[in-house]
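The residues making up each chain are set out below.
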Amino acid sequence: YTTAYQRVLAPLAEESAKIKLMQLGMDEESIGAIKRNSLPDKRLLHLGDMSEAWVYVNIYEHEVPFVKKGNLVEVTAASMPGVKLQGRVETVSPFADMESRTVKVRMLVKDEKEHLRPETPVNVLIQSDLGSGLAVPLDAVLLTGDHAIVFVEKGEGVFEPRYVVVGQQVGEFYEIKEGLSEGEKVVV
């Protein structure tokens, strides 16, 4: 029976475990590391040393292209005022939740003073290099549903409405893909 298990059932159990771990947001590299070490990562179970903690967040589908393995993160929470924990993105799930239109991201965060507890609600800032481009304050853009409009100063109290194509929202700014040139003044 043991030989039959090793030949038939063990590979099935291993593949099933791999699929479940991938659904939880682990990538094949991390799963391979577990297999090579043949020891589970106890941080996933919140046992023992909690100086590093796994943090999971769901990001919206339009944010996925900007989040990559290795991005630096900053974690804050209402339960730990004034504390900012640093870490990095470990995996971006290959699966999307179609109901919420989100993707799960798993991060490893340094938490030497053990501020985090399982299921602690947190805010996460993920640092991502978006390059450079033209941007205007959110308040400068009037979104009408079909169009985005800004009012460009033409001089002496004269303003011209202008259709623009907006890109990503980054903090308090909208990326402007078309419709404005650098140096033009807009109404905020």
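Check the entry above for the structure.
Residues numbered from 1 in each chain as written. Predicted model: local features only at pLDDT ≥ 70, side-chain atom pairs only at ≥ 80, totals over all residues. Heavy atoms only, no water.

### So, the packing of aromatic side chains
Convention followed: Only rings of Phe, Tyr and Trp enter the pairing, Trp through its six-membered ring, and a pair is recorded when the two centres are within 6.5 Å. The plane angle decides the type: under 30 degrees is stacked, over 60 is edge-to-face, the rest tilted. Should the NZ of a Lys or the CZ of an Arg lie within 6 Å of a ring centre and within 35 degrees of the ring normal, that charge is described as sitting over the ring.
Under the definition given, this model contains zero aromatic pairs. We note Arg-106 situated over the ring of Trp-54; from NZ or CZ to the ring centre the distance is 4.0 Å.

### Examining unusual backbone geometry
Filter applied, for reference: Each helix is a run of H or I in the DSSP string that is no shorter than four residues. Each strand is a run of E no shorter than two, and both are numbered from the N terminus. Each residue gets one of three labels from its accessible area relative to the maximum for its type: buried under 20%, exposed over 50%, partly exposed in between, using a 1.4 Å probe on protein chains only.
Positive phi is not limited to glycine here, since Arg-101 has a value of about 55°. Among the secondary structure elements, Arg-101 is positioned in the loop between strand S3 (85-97) and strand S4 (102-110). For Arg-101, a relative accessible area of 48% corresponds to the partly exposed category. The phi angle at Glu-114 is positive, at roughly 50°, despite the residue not being glycine. Positionally, Glu-114 belongs in the loop between S4 and strand S5 (123-126). By relative accessible area, Glu-114 is classed as partly exposed at 34%.

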